[in-house]
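Given next are the chains, with one letter for each unit.
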Number of protein chains: 2
Amino acid sequence: MKPTTPAAEDYLKTIYAHTEWQPDPITPRVLATRLGIAPSSVTEMVKKLAADGFIAHVPYGPLTLTPAGRIRATAVVRRHRLIETWLVRELGYTWDEVHDEAEVLEHAISDRLLEAIEAHLGHPTADPHGDPIPAADGSSERVPAVLLADAAPGHAGTVLRVSDRDPAVLRALAEAGIGPGSRLAVVDATTVRLPAGELHPLAAEAARAIWLTS
Amino acid sequence: MKPTTPAAEDYLKTIYAHTEWQPDPITPRVLATRLGIAPSSVTEMVKKLAADGFIAHVPYGPLTLTPAGRIRATAVVRRHRLIETWLVRELGYTWDEVHDEAEVLEHAISDRLLEAIEAHLGHPTADPHGDPIPAADGSSERVPAVLLADAAPGHAGTVLRVSDRDPAVLRALAEAGIGPGSRLAVVDATTVRLPAGELHPLAAEAARAIWLTS
DNA sequence: TGTAGGCTTTAGGCATGCCTCAATCTGACC
DNA sequence: GGTCAGATTGAGGCATGCCTAAAGCCTACA
Ligand SMILES: [Mn+2]
Ligand SMILES: [Mn+2]
Ligand SMILES: [Mn+2]
Ligand SMILES: [Mn+2]
């Protein structure tokens with residue numbers, strides 16, 4: 001399989017991540033926005049990734065990963081999440097601080113170091129945000145989940161994951177003691193009830209970051 | 001101070017390393033050979049590094065670091081050696097395996113992570129090869145040392161450092177139990193006497209890799 | 001069914017960091 | 001002092017990965 005550059009790996013990872021918790025394939029426009037680059041830059045890289053067999057693309061259509069692309073993408077996701085886990089468990093990072101560091105290191109560590117870190121951590125299956133860490137063969141368990149913002153009032157469940165996209169949301173939730181494993185009941189789109197019974201208000205961004213068991 | 005790219009950092013580090021154990025400044029030709037690139041590539045990068053104030057260079061002359069260049073170079077060396085130390089002490093690497101990994105990671109970790117690793121290791125002052133780890137301010141202790149290959153027969157001393165350039169040499173020395181801190185007496189250019197009294201033959205490359213107290 | 005406006009692609013450009021090949025300089029030796 | 005080999009520099013080129021501006025496509029809605 002063709003080697004990939006750090007830039008290409010970020011494209012593949014972002015395409016993969018888009019469909020991880022939601023079915024629609026990603027469009028060039030959305031990919032450009034997520035990566036913080038111009039749409040025309042996506043067009044160019046898509047041409048290369050398609051030529052190398054990592055993505056399938058018909059002009060003006062959405063972007064989907066080929067089997068080879070999925071393998072490469074999950075390998076990058078695996079690195080990212082193991083690095084985040086390592087930073088939190090071994091080096092005193094909080095869950096809102098790890099993302100940028102992992103974004104760089106995921107392209108820099110060798111397979112050898114990745115395996116050493118994984119063994120050192122005891123083969124964790126989820127990162128600090130509750131995201132599943134793919135196994136070395138690319139497989140990962142997918143648990144049915146609902147976005148808190150989309151959950152019906154009255155729905156009660158366990159926090160499965162919290163999107164790591166917005167550090168401010170992560171800090172606010174940590175402050176409230178909410179994280180993967182927390183039990184929550186949905187009161188309305190901006191209020192949850194904690195196990196102790198007290199009501200807790202949530203910013204709209206927080207409600208769109210938390211995924212509960214369905 | 002201007003930011004530096006990974007490539008520029010490798011140039012600065014290599015220029016610095018050249019004078020660390022020997023006084024003559026490096027020439028473009030030698031720098032190109034060390035970096036494994038063409039001499040004309042060095043000419044180009046030297047122009048940029050000189051324009052940015054990191055090196056001093058008169059055409060056709062040798063390359064020397066400015067104070068700004070020395071600060072940047074020691075920062076990279078500090079990263080490199082702390083990473084090597086961390087790989088050996090925490091993750092089961094041997095001293096012949098760490099160099100390539102550190103060569104990449106030295107450009108990838110944040111200041112935040114560097115400080116966390118350093119604290120986690122207890123602020124070590126030397127890396128697995130005995131090379132001094134510069135402090136955050138760039139300072140480092142320089143101990144007088146002689147290359148084993150240049151030492152007079154009969155000279156006895158402690159191994160201060162072993163060059164990490166050739167992994168095969170490092171493996172052979174580890175096999176013989178020779179490393180920083182070992183006591184050795186020089187018999188001739190290719191033989192040393194160990195503390196137990198036995199003689200040990202050394203390859204010429206090994207004799208040019210070992211530095212003893214003078 | 002026509003069209004406006006958004007999405008996608010194309011065209012042309014730029015910075016980085018390499019390369020090869022050719023020209024120029026330097027210093028050691030005759 | 002002249003010569004010449006090796007070192008250094010210059011010229012031109014290429015891959016990567018971004019950009020802006022302009023052109024082309026597509027579709028939802030009038
Ligand atoms: Mn990344
Ligand atoms: Mn995460
Ligand atoms: Mn390096
Ligand atoms: Mn070292």
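Above this text sits the structure in question.
A quick note: this is a predicted structure, and the numbers were derived from the prediction, not measured. (Residues numbered from 1 in each chain as written. Chains lettered and ligands numbered in written order. Predicted model: local features only at pLDDT ≥ 70, side-chain atom pairs only at ≥ 80, totals over all residues. Heavy atoms only, no water.)

*Asks:* Describe the overall build of chain A, with residues and values.
*Replies:* What chain A contains, in helices and strands, is 8 helices and 8 strands. A globule of 214 residues ought to have a C-alpha radius of gyration of about 17 Å, and chain A, at 18 Å, matches this closely. Counting only C-alpha atoms and orienting by the principal axes, one finds that chain A spans roughly 55 × 40 × 25 Å. Going through the 214 residues of chain A one by one, you find that 45% of them count as buried. Long-range pairs, those at least 24 residues apart, make up 65% of the contacts in chain A between residues at least 6 apart in sequence. Separation between the mean location of the 20 positive side-chain charges and that of the 28 negative ones in chain A comes to 5 Å. (Helix = DSSP H or I, 4+ residues; strand = E, 2+ residues; numbered from the N terminus. Rg over C-alpha atoms; globule rule 2.2 N^0.38 Å. Buried < 20%, exposed > 50% of the residue type's maximum accessible area, 1.4 Å probe, protein only. Contact = heavy atoms within 4.5 Å. Lys, Arg positive; Asp, Glu negative; His and termini not counted. Charge placed at Lys NZ, Arg CZ, Asp CG, Glu CD.)

*Asks:* Lay out the coordination of the manganese ion (ligand 2) in plain terms, naming residues and giving numbers.
*Replies:* All names here are of chain A. Surrounding the manganese ion (ligand 2) are the protein donor atoms Glu 84 (OE), Asp 127 (OD), His 129 (ND1) and Asp 164 (OD), at 2.1 to 2.8 Å. Considered as a linear motif, the donors of the manganese ion (ligand 2) on their single chain read E-x42-D-x1-H-x34-D. One end of the pair, Glu 84, is in helix α4 (residues 67-91); the other, Asp 164, is in the loop between β4 (156-162) and α7 (167-176), with 80 residues separating them in the sequence. Both residues of the pair, Glu 84 and Asp 164, belong to the buried class. (Donors = N, O, S within 2.8 Å, 3.2 Å for Na, K, Ca; no water.)

*Asks:* How would you summarise the relation of the copies chain B and chain A if you had to cite specific residues and measurements?
*Replies:* In screw terms, the move from chain B to chain A is a rotation of 180° and a rise of 0.0 Å along the axis, fitting with an RMSD of 0.0 Å. Taken together, the rotation and translation describe the operation of a two-fold axis. Within chain B, B:Ala108 has its C-alpha nearest the rotation axis, a separation of 3.4 Å. Most of the interface of chain B is mirrored in chain A, where 100% of its interface residues again form contacts. (Least-squares fit on C-alpha atoms with pLDDT ≥ 70 in both.)

*Asks:* A description of the coordination of the manganese ion (ligand 1) should follow, citing residues and the corresponding values.
*Replies:* Residues and elements named next belong to chain A. The protein atoms donating to the manganese ion (ligand 1) are Asp 10 (OD), Glu 103 (O), Glu 103 (OE), Glu 106 (OE) and His 107 (NE2), with metal-donor distances spanning 2.1 to 2.5 Å. Mapping the donors of the manganese ion (ligand 1) onto the primary sequence gives the spacing D-x92-E-x2-E-H. Placement of Asp 10 in helix α1 (residues 6-18) and of His 107 in the loop between α5 (98-105) and α6 (111-121) is noted, with a sequence separation of 97 residues between them. A relative accessible area of 22% means that His 107 is categorised as partly exposed.

*Asks:* Can you tell me about the sheet that holds strand β3 (residues 145-147) of chain B, naming the residues and giving the values?
*Replies:* Residue and element names in this part refer to chain B. The strand order across the open sheet built from 6 strands is β3-β8-β4-β5-β6-β7, with neighbouring strands paired in antiparallel fashion. Pairing within the sheet leaves two strands with one partner each, and these edge strands are β3 and β7 (199-201). Each strand of the sheet is rotated relative to its neighbour by a mean of 45°, with strand direction disregarded. In terms of strand pairing, strand β4 (residues 156-162) meets strand β5 (residues 183-188) through 3 bridges, oriented antiparallel. Residue pairing in the sheet places Thr 158 in a bridge with Arg 183 of β5. (Pairing = 2+ DSSP bridges. Axes fitted to C-alpha atoms, helices over the stretch in contact; angles between N-to-C directions.)

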